[in-house]
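# Notes for the structure review
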Amino acid sequence: MARPVVALLSDFGTRDHYVGAMKGVILGICPDATLVDISHDIPAHDVLTAGLELAATYRYFPAGSVFLVVIDPGVGSERRGVAADTGDYRFVAPDNGVLTAVLNESPPRRVVELTERRYARPTVSRTFEGRDRFAPAAAWVAKGVQLSALGRPVTDYRTLDLPVPELATDRIVGCVLRVDRFGNLVSNIDRKTFDRLAQQGSIQIEVGPHGIDRLVETYADIGEDEVCALFGSTEHLEFAANSTRAVERLGVERGDAVVVRQDQ
């Protein structure tokens, strides 16, 4: 029987003890678990970025994996903790919308609130629920406990209003959704939507106030002093520069417009 997998995503960084403490709690409950770090460098309290990183990752894990997601600006408040089951995967997280992108792609079979105290540590810190509430719940799920045992079902879990591209007759209007560590600007325009417009003829691409002259296949195709468009590993239109950061070259930020229009 394969060892259970628990994958962790947080904004804790690796300088402090927080991630190590959560791993220790998990292994104390489920010593056979394989622990995988997705990232702990999410910008502090950035729920949207965390949700997008999770959505870009989870499908590459083996079926049955459990995802522990702790980006929690509401720690210690009345916000709920939840666990979700999509059939192939299980997720444990604060109820702040961080699971929106995943649950949009893979509608949950069940979502429960983490209310059953036997699946938390005996004392729950108001400042570190990742260690005392979420990590134990993820470990028990990895150990085989059904979600229904963790608490009552909920249907009103929080979601984020994720921006979606608007497709008109002659254009697509989207936006920059995230900036990766290389300074590439990743938009919310997916390849399928792009191709629906591009197949009608030549197109123009703009990000913020800048026109982008070339759509290339890979980063190596970008010339010196160029910023080009391409489709990255998540199959979304992005903008990159040669050996430098496109975000700084263009002065564009998350939320700025990305427009693909038919060439007149």
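The rules behind these values
- Think of each chain on its own: its residues are numbered from 1, step by step along the sequence as written.
- Predicted model: local features are reported for residues with pLDDT of at least 70 only, side-chain atom pairs are reported and counted for 80 or more only, and whole-chain, interface and lining totals are derived from all residues.
- Excluding hydrogens and water, the side-chain figures rest on all heavy atoms present in the structure.
- Secondary structure elements follow DSSP: runs of H or I no shorter than four residues count as helices, runs of E no shorter than two count as strands, and numbering proceeds from the N terminus.
- Relative accessibility decides the category of a residue: with a 1.4 Å probe and only protein chains considered, values under 20% of the type maximum give buried, values over 50% give exposed, and everything between is partly exposed.
- The contact rule is simple, with two residues in contact once any of their heavy atoms fall within 4.5 Å.
- Counting rule for charge: Lys and Arg are taken as positive, Asp and Glu as negative, and neither His nor the chain ends is counted.
- The location of each charge is read from NZ of Lys, CZ of Arg, CG of Asp or CD of Glu.
- The pairing criterion for strands is at least two bridges between them, as found by DSSP.
- Here, the term nonpolar core denotes a set of buried Ala, Val, Leu, Ile, Met, Phe, Trp, Tyr and Cys residues that are joined through side-chain atoms within 4.5 Å.
- Using protein atoms alone on a 1 Å grid, points that fit a 1.4 Å probe yet trap it form a cavity, whereas open point sets bounded by protein on both sides within 12 Å along at least five of seven lines form a pocket; residues with an atom within 4 Å of a point count as lining.
- Grid points are joined across faces, edges and corners, and a volume is the space filled by probe spheres set on the points.
- In this count, Pro and Cys sit with the nonpolar residues alongside Ala, Val, Leu, Ile, Met, Phe, Trp and Tyr, while Asp, Glu, Lys and Arg are called charged and the others, Gly among them, polar.
- Between rings of Phe, Tyr and Trp, where Trp is taken as its six-membered ring, a pair exists when centres lie within 6.5 Å; planes separated by under 30 degrees are stacked, by over 60 edge-to-face, and by other angles tilted.
- In this scheme, a helix's expected span is set at 1.5 Å multiplied by one less than its residue total.
- The bend reported for a residue corresponds to the angle between axes fitted to the seven residues ending at that residue and the seven starting there.

### Some words on the overall build of the protein chain
On a plain count of helices and strands, the protein chain comes out with 6 helices and 14 strands. Along the three orthogonal principal directions, the C-alpha set of the protein chain runs to about 65 × 40 × 35 Å. Residues classed as buried in the protein chain amount to 48% of the 264 residues present. Residue pairs at least 24 apart in sequence account for 66% of intrachain contacts in the protein chain once pairs closer than 6 positions are excluded. Of the side chains in the protein chain, 29 bear a positive and 37 a negative charge, and the two mean positions are spaced by 9 Å.

### Re the pairing of strand S3 (residues 66–70)
Of all the 5 residues making up S3, 5 are buried; the element is thus mostly covered by neighbouring parts of the structure. Of the two faces of S3, the one holding Val66, Leu68 and Val70 and the one holding Phe67 and Val69 are both buried throughout. Relative to S3, strand S1 (residues 5–10) runs parallel, the two being bridged by 5 bridges. Looking across to S3, one finds that valine 6 is bridged to valine 66.

### Regarding the nonpolar core
By size, the foremost hydrophobic cluster in this structure holds 27 residues, and its most contacted members are Ile26, Leu68, Val92 and Leu150. Elements with a contribution of two residues or more to this core: S1, helix H1 (18–29), S3 and helix H4 (129–143). With 7 residues, the top contributor of residues to this core is H4. Counting residues in each nonpolar core, the second largest holds 25 residues, with Leu9, Leu54, Phe61 and Ile71 among its members.

### Comments concerning the layout of surface pockets
Estimates place the volume of the largest pocket at around 590 Å³. No other element matches the 4 residues that strand S9 (residues 185–190) contributes to the lining of the largest pocket. In the lining of the largest pocket, the residues fall into 11 nonpolar, 6 polar and 4 charged. For the second largest pocket, the calculated volume is near 370 Å³. As for the second largest pocket, its lining consists of 13 residues, of which Asp41, Pro43, Val179, Asp180 and Arg181 are closest to the centre. Listing elements by their share of the lining of the second largest pocket, those giving two or more residues are helix H2 (47–55) and strand S8 (171–179).

### Focus on the packing of aromatic side chains
Within this structure, the stated rule accounts for 10 aromatic pairs. Ring centres of phenylalanine 61 and phenylalanine 67 lie 5.1 Å apart, and the angle between their planes is 80°; this geometry places the pair in the edge-to-face category. Here tyrosine 119 and tryptophan 140 contribute two aromatic rings whose centre-to-centre distance is 5.6 Å and whose plane-to-plane angle is 70°, an arrangement assigned as edge-to-face. Of this pair, tyrosine 119 sits in the loop between strand S6 (110–113) and H4 while tryptophan 140 sits in helix H4, placing them 21 residues apart in sequence. Assessed through its relative accessible area of 25%, tryptophan 140 is described here as partly exposed. Put simply, the rings of Tyr58, Phe61, Phe67, Tyr89 and Phe91 pair up and form one aromatic cluster.

### Remarks on the environment of alanine 84
Within the secondary structure, alanine 84 sits in strand S4 (residues 81–85). For alanine 84, a relative accessible area of 0% translates into the label buried. Taking the C-alpha atoms as reference, alanine 84 lies 9.8 Å from valine 154; in sequence the two are 70 residues apart. With near-sequence residues (within four places) excluded, alanine 84 lies in contact with Tyr89, Arg90, Phe91, Leu99, Leu103, Arg110, Val111 and Leu147.

### Thoughts on unusual backbone geometry
Even without glycine at this site, aspartate 225 takes up a positive phi of about 70°. Tracing the backbone through its elements, the reader meets aspartate 225 in the loop between strand S11 (210–212) and strand S12 (227–231).

### A few points about H4
For H4, built from 15 residues, the straight-helix expectation of 21 Å at 1.5 Å per residue is met to within 8% by its first-to-last C-alpha distance of 20 Å. The largest bend in H4 comes to about 30°, at alanine 135, with the proline proline 136 one to four residues further on. Among the 15 residues of H4, 11 are classified as buried, and the element is accordingly described as predominantly covered. Listed as buried for H4 are Glu129, Gly130, Asp132, Phe134, Ala135, Pro136, Ala137, Ala138, Ala139, Val141 and Ala142. On its buried face, H4 is in contact with S1, H1, S3, S4 and strand S5 (90–94). One or two residues past the end of H4 sits glycine 144, with phi positive at roughly 120°.

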